[in-house]
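Spelled out, the chains give:
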Amino acid sequence: MPVARGEAGAPRAALSREMLAAAEAVSDLLAGHRLPDALDARTASLPPASRAPARDMAYHAVRRLGRLQALATRLNSRRPMPRMAALQLVALAQLLEPIRPAAIVVDQAVAAARSLSRGPGGAAAGFLNATLRRFGREREALLAELANDPVARFDHPDWWLRMLAEAWPDRWQAIAESGNLQAPMVLRANRRRGEPEALAARLAAAGVPTRRVGPEALALERALPVDAIPGFTEGELSVQDAGAQLAARLLDLAPGQRVLDACAAPGGKTAHLLELADIDLLAIDVDAARCQRIEQTLARLGLPAAGGRVEVRAADASRPQTWWDGRPFDRILLDAPCSASGIVRRHPDARWLRRRGDIATLVLQQGRMLEALWPLLGPNGKLLYVTCSVFPDEGEAVVQRFLASRTDCVRQPLDWVWPDGLREPVAQLLPQSGAMREHDGFFYACLTRRQ
């Protein structure tokens, strides 16, 4: 096969190698590893121009994993080895929504199967060739068989769909379907470096059109590598969903306040806080390696600016006795660990890595963190509890239990005015796409401490 060329004529590996790297990453995911980590490892040996295509193939397969596994069950008379099974899934995904001729997909998948197998690889290649060609012949009949299978239809685990249906009986299908979409790339304008309007105009002049979806939020018409976004390297812009950008705004910051950002990594909300006000900020995360990412983010953005202060520390938010100096905070942002059910269009692997029992474990952890951090809040201070979840178990239920056990806590209503002019409560944001409305799913609760 001729050598493919990427952008600017950069050489690419054969499609078979890219497919194999994607399949190995999907195999790692099915073994319990995060897809981004798996892709970093599996694409490292590819030419740089081949890494994005391999990633695209892997993510495409994971977004369609429910129906792909259902198809494989119908096509296979025996269960293939894990890497061969993943290669079949990646190839089926390419055939399911074709972007290249089916004959090329089959040919390159079979070539990848030969390289994957020890020895001649004839049996493995023959198996893959036969099943892919059978899908081509029986496509309509096979897909029709999936119509009554919710996992295949919505590409989410069964337990996940049941939780959605229980929580949102009139909207669960739309929520599940939104999780299979590729989310647009949203930027956050760094007000320390320029007004959003001016930064948007600069992007437009460089051929990168955007639309305004929040006070600092600019959605790109098409995604770009970050190093290709004008102003990103210089610290003028960051990548952050518009829903996530509400957190810093809802905290109602004022200069000089002492602020705690708990579970802060990778640092998007940390940076936004420092972009909006000259505050004294402590950012903590239990993972020391992820704390380094916070510091790298702040360095790129030139934060804190003069008048502000930040300390990044590896610490457990649920054990403040090991790190708190006794001085109260005016504001606390608790971005609690959760199922990530609100951001699966960006992280489609999350739904396949989670198990039903994980939710109960996460809920206990969320409650412990809320109880542990509340005493650190000063009188009239505000604590913003946040999860990127659409499951009420991790949002409303956690907050209601906490409120029931306290007499010194008042929940404040949270409203937001979107760029289309609509004001609405934002306790529970469900994923939404539109010209002026663009955000993932988040839960927000603002708790004020009585004097």
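As a starting point, this report considers the structure included with it. Fair warning: this is a prediction, and the values are worked out from it, not measured in the lab. (Residues numbered from 1 in each chain as written. Predicted model: local features only at pLDDT ≥ 70, side-chain atom pairs only at ≥ 80, totals over all residues. Heavy atoms only, no water.)

As for the packing of helix 5 (residues 82-96) against helix 7 (residues 122-145)
Item 1. With their axes 11 Å apart at the nearest point, helix 5 and helix 7 run at an angle of 40° to one another. Relative to helix 7, the element helix 5 lies oblique. Crossing of helix 5 over helix 7 shows right-handed handedness. Facing Met84, Leu87, Gln88, Ala91, Leu92, Leu95 and Leu96 of helix 5, the residues of helix 7 in contact are Ala124, Phe127, Leu128, Thr131, Leu132, Phe135, Arg139 and Leu143.
Item 2. Classifying every residue of the contact of helix 5 with helix 7 by side-chain character gives 12 nonpolar, 2 polar and 1 charged. (Axes fitted to C-alpha atoms, helices over the stretch in contact; angles between N-to-C directions. Helix = DSSP H or I, 4+ residues; strand = E, 2+ residues; numbered from the N terminus. Parallel < 35°, antiparallel > 145°, perpendicular 65-115°, else oblique. Left-handed = near helix turned anticlockwise from the far one by under 90°. Contact = heavy atoms within 4.5 Å. Nonpolar A, V, L, I, M, F, W, Y, C, P; charged D, E, K, R; others polar.)

A word on helix 4 (residues 65-75)
Residues spaced three or four apart along an α-helix face the same direction, because each turn holds 3.6 residues.
Item 1. The set of residues buried in helix 4 consists of Leu65, Gly66, Leu68, Ala70, Leu71, Ala72 and Leu75.
Item 2. Buried residues along helix 4 sit in contact with helix 1 (15-30), helix 3 (48-63), helix 5, helix 7, helix 8 (150-154) and helix 15 (350-353). (Buried < 20%, exposed > 50% of the residue type's maximum accessible area, 1.4 Å probe, protein only.)

Notes on the packing of aromatic side chains
Item 1. Applying the stated criterion across every chain, the model contains 7 aromatic pairs.
Item 2. Note on tryptophan 159 and tryptophan 160: the rings are 5.4 Å apart at their centroids and 55° apart in plane angle, and the pair reads as tilted.
Item 3. With relative accessibility at 12%, the residue tryptophan 159 sits in the buried group.
Item 4. Judged by centre distance (5.3 Å) and plane angle (65°), the rings of tryptophan 160 and phenylalanine 391 are edge-to-face. Note that tryptophan 160 is positioned in helix 9 (residues 158-167) and phenylalanine 391 in the loop between strand 9 (377-387) and helix 17 (396-404), a separation of 231 residues in sequence.
Item 5. Since its relative accessible area comes to 1%, phenylalanine 391 is described here as buried.
Item 6. Linked through ring pairs, Trp159, Trp160 and Phe391 together constitute an aromatic cluster.
Item 7. We note arginine 78 situated over the ring of phenylalanine 127; from NZ or CZ to the ring centre the distance is 5.0 Å.
Item 8. In this structure, arginine 258 packs its charged tip against the face of phenylalanine 329, placed 4.2 Å from the ring centre. (Phe/Tyr/Trp six-rings, centres within 6.5 Å; stacked < 30°, edge-to-face > 60°. Lys NZ or Arg CZ within 6 Å of the ring centre and 35° of its normal.)

Describing unusual backbone geometry
Phi is mostly negative for residues that are not glycine, and the peptide bonds are mostly trans.
Item 1. For the bond running from alanine 265 to proline 266, omega is 5°, close enough to zero to count as cis.
Item 2. Here proline 266 shows up in the loop between strand 5 (258-262) and helix 13 (268-276).
Item 3. A cis geometry characterises the amide bond from leucine 303 onward to proline 304, with omega recorded as 0°.
Item 4. Turning to its location among the elements, proline 304 is positioned in the loop between helix 14 (288-301) and strand 7 (309-314).
Item 5. The phi torsion at aspartate 252 lies on the positive side, around 55°, for a residue other than glycine.
Item 6. Relative to the helices and strands, aspartate 252 resides in the loop between helix 12 (246-250) and strand 5.
Item 7. Its relative accessible area of 43% is what places aspartate 252 among the partly exposed residues.
Item 8. Backbone geometry at cysteine 263 places phi at a positive 55°, although glycine is not the residue there.
Item 9. By secondary structure assignment, the location of cysteine 263 is in the loop between strand 5 and helix 13.

Looking at the side chain of arginine 63
Item 1. Assignment of secondary structure puts arginine 63 in helix 3.
Item 2. Of the side chains with opposite charge, aspartate 56 comes closest to the buried, unpaired arginine 63, at an N-O distance of 7.1 Å.
Item 3. Look past the residues within four positions of arginine 63 in its chain and what remains in contact with it is Asp155, Asn180, Leu181, Gln182, Arg345, Pro348 and Arg351. (Lys, Arg positive; Asp, Glu negative; His and termini not counted. Salt bridge = Lys/Arg side-chain N within 4 Å of Asp/Glu carboxyl O.)

Re the packing of helix 5 against helix 6 (residues 102-116)
Item 1. At a minimum axis separation of 10 Å, helix 5 and helix 6 run at an interaxial angle of 170°. Judged by the inter-axis angle, helix 5 sits roughly antiparallel to helix 6. On helix 6, the residues touching Arg83, Met84, Leu87, Ala91, Gln94 and Leu95 of helix 5 are Ala102, Val105, Val106, Ala109, Ala112, Ala113 and Leu116.
Item 2. Taken together, the residues of the contact of helix 5 with helix 6 break down into 11 nonpolar, 1 polar and 1 charged.

Points about the pattern of salt bridges
Item 1. Evaluation of the coordinates by the stated rule reveals 36 salt bridges.
Item 2. Of the charged contacts, one joins aspartate 440 and arginine 345 as a salt bridge, the two residues approaching to 2.6 Å between their closest N and O atoms. Here the residue aspartate 440 occupies a position in the loop between strand 13 (428-429) and strand 14 (442-449), and arginine 345 occupies one in the loop between strand 8 (329-335) and helix 15, the gap between them amounting to 95 residues. When sorted by exposure, aspartate 440 lands in the same class as arginine 345, which is buried.
Item 3. The residue aspartate 420 makes a salt bridge to arginine 437 at a minimum N-O spacing of 3.7 Å. Separated by 17 residues along the polypeptide, aspartate 420 in the loop between strand 11 (415-417) and strand 12 (423-425) and arginine 437 in the loop between strand 13 and strand 14 bring together distant segments of the chain.
Item 4. Judged by its relative accessible area of 8%, arginine 437 is buried.
Item 5. The network of salt bridges with common partners includes Arg211, Asp241, Arg345, Arg346, Glu438 and Asp440.

Digging into the sheet that holds strand 1 (residues 186-189)
Either a parallel or an antiparallel arrangement is found when strands of a sheet pair, and the pairing is made through backbone hydrogen bonds.
Item 1. Taken together, 4 strands build an open sheet; the order of strands is 2-3-1-4 and the sheet is antiparallel. Either end of the sheet is taken by a strand with one partner, and the two such strands are strand 2 (210-212) and strand 4 (237-239). When the angles between neighbouring strand axes are averaged without regard to direction, this sheet yields 35°.
Item 2. Inspection of the sheet shows strand 1 paired to strand 3 (residues 217-220) by 3 bridges, in the antiparallel sense. Across the sheet, residue arginine 188 finds its bridge partner in strand 3, namely alanine 217.
Item 3. Strands strand 1, strand 2, strand 3 and strand 4 of the sheet are contacted by helix 11 (residues 196-205), whose axis makes an angle of about 160° with strand 2. (Pairing = 2+ DSSP bridges.)

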